[in-house]
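Each chain, letter by letter, is given below.
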Amino acid sequence: MGRINEKNMIFNRLKNGTAVVALVLAAGGLLHVSASTPAVAQVQAQTGFTIPDGSLSGALTTFGRQADLQVTYLASVVAGKASPGFSGTASPQQALSAILQGSGLVYTFTNDRTVAISAPEPVSFGAGGGGDADDTTFLEPVTVTTSAGGNVGIVATASGTGAKSGLPIKDTPQAVNVVTRDQMDIQGSETVVQALRYTPGVVAQYGDADARVDWFSVRGFRPGRYLDGLRLPFGARGYAQPKIEPYGLESAEVLKGPTSVLYGQNLPGGLINMVSKRPRDEEIREVELQAGSYDRFQTAFDFGGRLNDEGTILYRLTGLGRISDTQYNYVDEKKGFFAPSLTFAPDDATSLTLYGQYQKVKSNGGGGFPTLPANGTLYTDVYPELPRDTFVGEPDYDKFELVQTWAGYELDHEFNDTWAVKQNLRYAYVNADTQRVAPVCLAGMTCDPAALMRYAWAFPERSHLFTVDNQAIGTFSLGETEHSLLLGLDYSYETSHFEESQLSIITTPFDAYDPVYGATPISRPPAAMRIDQERSQLGLYAQDQIEWDNFVWTLGGRYDWADTKTRTRNASGDATVEQNDGKFTWRTGLVYNFDNGISPYAGYSTSFNPQSGTDRNGNPFNPTTGEQFEVGLRYVPFNEDISVSVSAYQLTQNDVLTPDPANINYNTQTGEVRLRGIEVEGKAELTDGLSLIASYAYTDSKITEDNPDAAGASDVGNRLAFVPRHQASLWLDYTVQSDTAWGGLSFGGGARYMGQTYGDNANVYDIPDYTLFDAAIRYDFAAIDQKYDGLTGSLNVSNLFDKKYVSTCIASTGCNWGDGRTIYGTLKYSW
């Protein structure tokens with residue numbers, strides 16, 4: 001599996017026309033290639049290697065497979081040479097240095113995917129015994145500079161999310177989408193929502209104008225949110241969620257479908273795992289200034305590198321400050337973010353990274369979009385359309401404050417050639433305080449935007465979350481099979497406190513077309529409900545990825561113990577509910593990797609998620625369960641920056657809460673939902689300077705079982721909220737290929753189509769489809785003069801034509817406008 005037919009491989013992108021000569025040599029059997037689909041991330045990232053001593057050619061073959069890189073060399077160069085082998089966690093560069101020790105050979109990354117092994121001096125490709133010296137062509141070293149960590153470019157071939165072990169995406173029997181740091185920079189992503197807006201099957205539920213949290217739907221369900229493989233705080237009601245700053249990320253990764261086998265309790269649509277910037281053995285010096293729409297001003301910095309000459313102590317400091325208004329009147333944002341990390345690597349077998357983060361957000365106006373009535377937004381046939389900047393709150397009352405902080409460590413240690421252990425631990429604290437004035441339309445009243453009733457309320461929540469994931473990783477051979485065995489034990493414990501105030505009705509009519517604020521004095525209402533909750537989860541899991549010939553078989557299983565204790569205090573009394581759930585989940589899948597880069601796969605996976613609350617008899621609900629059947633095809637050709645994936649799936653969730661026919665004030669677990677869909681994603685560096693990102697998702701969602709409400713209405717046959725049938729996007733980016741000043745110019749543009757959706761499962765609020773356009777232009781000032789090396793400028797525009805559209809509408813007074821045109825200019829200097 002690690003070898004490719006020698007006659008089909010050539011050196012790519014070599015200088016001085018050596019490609020033709022290399023092709024001739026390959027045809028003659030002189031040029032040897034050891035390869036597998038390469039993982040760009042591993043050019044810099046650390047990987048576990050187990051390479052036995054023996055022949056150098058055998059060691060390089062094993063290295064190519066384990067590093068997922070293409071290795072090229074002349075057979076005569078390595079003939080008769082031995083290698084001491086290597087075992088440990090290291091970068092590919094470090095592993096290669098160990099493998100080549102004593103051979104007198106050197107390595108060069110000829111591109112982001114290929115490494116060439118050669119003698120220290122240029123290798124002469126002459127014509128043979130009687131060849132003319134003038135016909136000699138030299139293979140010159142090619143040096144490729146990679147970005148500061150993560151996958152290089154827009155094409156990602158490795159992910160630590162799909163298997164928890166950094167194995168190639170092509171070997172994962174579920175859909176995985178990765179947005180790299182480079183893609184975020186090219187498209188000017190200022191939020192995680194913007195980073196994922198060109199990803200199929202991912203829907204931003206409430207647009208991108210919320211300073212509080214990023215709300216998503218993935219394959220129809222709220223996804224689990226993870227940072228560096230560990231669950232993020234959620235709280236009892238979901239308000240104590242951290243807002244993740246994309247400037248501090250290397251990538252954003254989406255694993256589609258049930259994920260419980262590796263991550264425990266989750267809804268079956270999938271999860272989003274964000275990967276933080278970490279110390280690297282390279283100098284990182286970057287400062288950034290940004291200004292743009294709505295008086296936005298931002299400054300950021302990113303520093304990293306060695307703290308000692310040996311490179312055994314590395315650091316990374318990332319920070320950001322921002323002040324900005326928004327498209328809504330009286331809503332602004334002030335933000336501070338700081339994330340330090342420190343890595344100790346005393347030897348090749350051990351690495352310890354300590355990290356922390358502090359972020360504070362303060363927003364007058366409540367932190368998010370104002371909730372507007374459907375009349376005047378979704379419906380404009382009777383009532384005039386409301387302006388996009390409409391604010392229905394009270395400037396002196398509405399506010400949002402968020403403090404989030406965490407600290408943790410990541411420990412990696414290799415015991416021997418076969419076994420390594422990892423421990424990832426984090427403590428996180430989130431405190432979110434929100435108070436807002438919102439419109440209300442009581443039953444029987446006309447919901448007139450010119451005469452709205454409103455209410456004031458507050459809903460603060462805080463959460464403490466401790467989580468740890470322990471892993472043992474074994475890489476070994478049994479007969480003709482090679483195994484990547486993962487054994488894990490993870491634990492999380494979260495305590496949260498939520499308060500919801502009384503709803504203080506403001507009877508003075510409010511005209512949203514011509515607002516007058518301060519007509520009625522407003523103070524924070526007293527608390528009407530308090531919830532204290534403790535949640536713990538202990539999970540024991542195992543997974544083996546077995547390689548035989550070109551087959552990769554994945555089999556994993558997990559058992560979880562999930563306990564929840566919820567104490568609720570309100571006017572009706574004090575009640576405590578304890579839930580103790582246990583569940584086994586599993587997944588399996590098979591991948592076949594053809595030598596031409598095509599990898600078909602089929603997989604099955606299951607999930608579970610505890611449900612809070614009780615039925616009318618006081619019995620706690622059972623966890624909801626989900627299962628998915630998925631088949632797909634990936635195309636990742638060798639030596640090319642191309643990745644195309646197609647997946648088709650059927651996803652079902654059982655034990656969904658529905659109204660109890662005997663008493664509609666309670667629920668029963670008789671509901672079921674089903675989704676069937678097809679997703680396509682393509683990312684490619686088409687030619688020098690030209691890249692493409694394209695996606696399409698078709699989703700047929702249906703509520704298949706439900707109980708009727710008191711009026712006899714049932715949601716059976718309806719579509720799920722926030723799930724469009726059709727979703728598509730396209731982005732093209734081009735860098736001018738010129739030795740003149742024009743060579744510093746890059747520009748790109750994209751289109752995003754969101755199909756018609758419903759804002760609720762009853763399918764009452766019908767939200768029309770819309771298409772938005774984005775644009776970007778960048779310039780590298782080094783093209784003018786090398787004295788400007790490291791200075792770049794960019795201009796990013798979202799919603800280029802300022803289209804006005806309804807993003808979400810979940811109730812008669814729960815609608816909001818989508819984001820208008822925003823323009824951000826950024827000046828960045830790296831040295």
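Parameters and conventions
- Residues numbered from 1 in each chain as written.
- Predicted model: local features only at pLDDT ≥ 70, side-chain atom pairs only at ≥ 80, totals over all residues.
- Heavy atoms only, no water.
- 1 Å grid on protein atoms, 1.4 Å probe; cavity = no way out; pocket = protein on both sides within 12 Å on 5 of 7 lines; lining within 4 Å.
- Points joined across faces, edges and corners; volume = space filled by probe spheres on them.
- Helix = DSSP H or I, 4+ residues; strand = E, 2+ residues; numbered from the N terminus.
- Nonpolar A, V, L, I, M, F, W, Y, C, P; charged D, E, K, R; others polar.
- Axes fitted to C-alpha atoms, helices over the stretch in contact; angles between N-to-C directions.
- Parallel < 35°, antiparallel > 145°, perpendicular 65-115°, else oblique.
- Left-handed = near helix turned anticlockwise from the far one by under 90°.
- Contact = heavy atoms within 4.5 Å.
- Phe/Tyr/Trp six-rings, centres within 6.5 Å; stacked < 30°, edge-to-face > 60°.
- Buried < 20%, exposed > 50% of the residue type's maximum accessible area, 1.4 Å probe, protein only.
- Lys NZ or Arg CZ within 6 Å of the ring centre and 35° of its normal.
- Expected span 1.5 Å × (residues − 1).
- Disulfide = S-S within 2.5 Å.
- Pairing = 2+ DSSP bridges.
- Salt bridge = Lys/Arg side-chain N within 4 Å of Asp/Glu carboxyl O.

**Q** Can you help me understand empty space enclosed by the protein in this one?
**A** To find leftover empty space, a probe the size of one water molecule is rolled over the atoms. A complete count under the given rule lists 12 cavities of 30 Å³ or more for this structure. Each pocket or cavity is described by its volume, and for the second largest cavity that value is around 170 Å³. Every residue lining the second largest cavity is counted, 16 residues in all, and those nearest its centre are Ala 156, Ile 169, Val 176, Ser 643 and Glu 681. Only strand S11 (176-180), strand S34 (642-660) and strand S35 (663-687) provide two or more residues apiece to the lining of the second largest cavity. When the residues that make up the lining of the second largest cavity are grouped by side-chain class, the tally is seven nonpolar, five polar and four charged.

**Q** I keep staring at the packing of helix H2 (residues 56-67) against helix H4 (residues 92-99) and nothing clicks. Help me out?
**A** The geometry of a pair of packed helices is captured by two quantities: the angle between their axes and the separation between those axes. Where H2 contacts H4, the two axes come as close as 11 Å, and the packing angle between them is 170 degrees. The angle between the axes of H2 and H4 places the two elements in the roughly antiparallel class. The two elements H2 and H4 cross, and the hand of that crossing is right-handed. From H2, Leu 56, Ala 59, Leu 60 and Phe 63 reach across to H4, where they touch Pro 92, Ala 95, Leu 96 and Ile 99. Per-class residue counts for the contact of H2 with H4 are eight nonpolar, no polar and no charged.

**Q** Where do I start with the packing of aromatic side chains in this structure?
**A** Both the distance between ring centres and the angle between the ring planes are used here to describe each pair of aromatic rings. Taken as a whole, this structure holds 23 aromatic pairs when the rule is applied. Centroid distance Trp 548 to Phe 551: 5.9 Å. Interplanar angle 15 degrees. Geometry classified as stacked. Taking the relative accessible area as the measure of exposure, Trp 548 reaches 41% and is therefore partly exposed. Between Tyr 829 and Trp 831 the ring centres are 5.3 Å apart and the planes differ by 20 degrees, which places this aromatic pair in the stacked class. Three or more aromatic residues link up through ring pairs in this structure, and these residues are Tyr 239, Tyr 455, Trp 457, Phe 459 and Phe 498. Its guanidinium or amino end placed over the ring of Tyr 649, Arg 219 lies 3.8 Å from that ring's centre, counting from NZ or CZ. Here the basic side chain of Lys 804 rests over the ring of Trp 817, its NZ or CZ set 4.4 Å away from the ring centre.

**Q** Just checking my understanding: could you explain H2 for this structure?
**A** One turn of the α-helix equals 3.6 residues, which is why residues spaced by three or four share an orientation. Look at H2: 16 Å from first C-alpha to last across 12 residues, which is about the 16 Å you get at 1.5 Å a residue. Burial runs high along H2: nine of the 12 residues are buried. Where H2 is concerned, the buried positions are Leu 56, Ala 59, Leu 60, Thr 61, Thr 62, Phe 63, Gly 64, Gln 66 and Ala 67.

**Q** Just to check I follow, could you spell out the state of the cysteines for this structure?
**A** By definition, a disulfide is the covalent link that joins the sulfur atoms of two cysteine residues. According to the stated counting rule, one finds two disulfides in the structure shown. Between the sulfur of Cys 441 and that of Cys 447 lies a disulfide, 1.8 Å long from S to S. Taking the torsion about the sulfur-sulfur bond, which here is approximately 65 degrees, the covalent link between Cys 441 and Cys 447 counts as right-handed. Of the two residues examined, Cys 441 and Cys 447, each falls in the buried class.

**Q** It is not clear to me how the sheet that holds strand S15 (residues 230-231) should be interpreted in this structure. Could you clarify?
**A** Each strand in a sheet pairs with its neighbour through backbone hydrogen bonds, running either in the same direction (parallel) or in the opposite one (antiparallel). Spatially, the five strands line up as an open sheet ordered S11-S16-S17-S14-S15, and their pairing is mixed. Unpaired on one side and paired on the other, S11 and S15 mark the two borders of the sheet. Relative to S15, strand S14 (residues 224-227) is paired through two bridges, and the arrangement is antiparallel. Within S15, the residue paired with Tyr 226 across the bridge is Arg 231.

**Q** Teacher, can you tell me more about the pairing of strand S32 (residues 598-609) here?
**A** The side chains of a regular strand alternate, first on one face of the sheet and then on the other. Among the 12 residues of S32, nine are classified as buried, and the element is accordingly described as predominantly covered. Two elements, strand S31 (residues 573-592) and S32, share five bridges in a ladder whose sense is antiparallel. Bridging across to S32, Gly 589 finds its partner in Gly 603. Between S31 and S32, which follow one another and run antiparallel, lie five residues, and Gly 597 among them has a positive phi close to 100 degrees. As paired strands, S32 and strand S33 (residues 624-635) are joined by 12 bridges and run antiparallel to one another. In the sheet register, Ser 599 faces S33, and the bridge partner there is Arg 634.

**Q** Any chance you could explain the pattern of salt bridges here in plain terms?
**A** Following the criterion strictly, the structure yields 39 salt bridges and no others. Lys 164 is the salt-bridge partner of Asp 469, the closest N and O atoms lying 2.9 Å from each other. With Asp 469 in strand S26 (residues 461-478) and Lys 164 in the loop between strand S10 (137-139) and S11, the pair connects residues that are 305 residues apart, well separated along the chain. Given the relative accessible area of 8%, Lys 164 is considered buried. Across the pair Asp 490 and Arg 558 runs a salt bridge, and its minimum N-O distance is 2.7 Å. In this pair, Asp 490 sits in strand S27 (residues 481-501) while Arg 558 sits in strand S30 (residues 551-570), placing the two residues 68 residues apart along the sequence. Here Asp 490 and Arg 558 have matching classes, each one buried. Taken together, the shared-partner salt bridges in this structure form one network comprising Lys 164, Asp 469, Asp 490, Arg 558 and Asp 560.

Function cannot be read off these values alone, since they describe shape.
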